[in-house]
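Residue-level structural notes
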Amino acid sequence: ILNSFPDAPLAASAEAALAAVLGFSFVLQMTPVFQQAERSLGHHINWRVLRVLIVLAVALICTALPDMEQVVSLTGAVAFSSIGFVLPGAIFLKLRPPQLDASRLAISLKDRAVAIALVTLGLFGGAWGLAATLDPAAVGACASR
């Protein structure tokens, strides 16, 4: 992120402000991640070691993706496809009320088909977005065929 700023007089102050905000808010933003990881793996590994491993993983990802545009693209590909397509369809399939009679069966089958289509479209769209972000040349070559 810091490498994305142009060389300008105010860039140093903007970099310092961004570093301060990210530094102070990192613990707050990572708290749900830490809590979920501790619930899932807490009995297998010390919580301090687990948190250090998570922070190291985040640092490695930040080092591997220094371009802010790429970070936003990855986040958008995963978040949009998940929130817009996968989660609504999956939640509907999980919470769908039981079928009561034959007349509701047809509607339920249509709804189920739409939900499955949404989940499938979201998974393929998210994978396509990830591939396009990580290797734009490969996706462009695939699309031009």
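Description of the structure in this document. What you see is a predicted model; the values in this text were computed from it and never measured. (Residues numbered from 1 in each chain as written. Predicted model: local features only at pLDDT ≥ 70, side-chain atom pairs only at ≥ 80, totals over all residues. Heavy atoms only, no water.)

A separate point is the nonpolar core. If you look at the biggest cluster of nonpolar residues, it comprises 5 residues: Met 30, Phe 34, Ala 37, Leu 50 and Ile 54. Elements that contribute at least two residues to this core include exactly helix 1 (11–41) and helix 2 (47–64). For this core, the leading source of residues is helix 1, giving 3 residues. Among residues more than four places away in sequence, those in contact with Leu 50 are Ala 37, Glu 38, Leu 41 and Ile 45. (Core = buried A, V, L, I, M, F, W, Y, C linked by side-chain atoms within 4.5 Å. Buried < 20%, exposed > 50% of the residue type's maximum accessible area, 1.4 Å probe, protein only. Helix = DSSP H or I, 4+ residues; strand = E, 2+ residues; numbered from the N terminus. Contact = heavy atoms within 4.5 Å.)

Once that is clear, we can look at helix 1. Its maximal kink placed at Ser 25, helix 1 deviates by approximately 45°. By the burial criterion, the buried members of helix 1 are Ala 11, Ser 25, Met 30, Phe 34 and Ala 37. Buried residues along helix 1 sit in contact with helix 2. (Bend = angle between axes of the 7 residues up to and from the residue.)

On to helix 3 (residues 68–95), then. With 28 residues, helix 3 extends 38 Å from end C-alpha to end C-alpha; this agrees with the ideal 40 Å at 1.5 Å per step. For helix 3, the principal kink sits at Ser 82 and spans about 45°. Taken residue by residue, helix 3 has Leu 74, Ala 77, Ser 81, Val 86 and Gly 89 as its buried positions. (Expected span 1.5 Å × (residues − 1).)

Moving on to the side chain of Thr 133. With respect to the helices, strands and loops of the structure, Thr 133 is situated in helix 4 (residues 102–134). Taking the relative accessible area as the measure of exposure, Thr 133 reaches 11% and is therefore buried. For Thr 133, the side chain forms a polar contact with the side chain of Ser 73, separated by 2.6 Å. (Polar contact = N/O pair within 3.5 Å; in protein donor to acceptor, adjacent residues only side chain to side chain.)

On to the packing of aromatic side chains. Centre-to-centre distance and the angle between the planes together describe a pair of aromatic rings. As enumerated under the stated definition, the model contains 1 aromatic pair in all. Centre to centre, the rings of Phe 80 and Phe 85 are 5.8 Å apart; their planes meet at 80°, and the pair counts as edge-to-face. (Phe/Tyr/Trp six-rings, centres within 6.5 Å; stacked < 30°, edge-to-face > 60°.)

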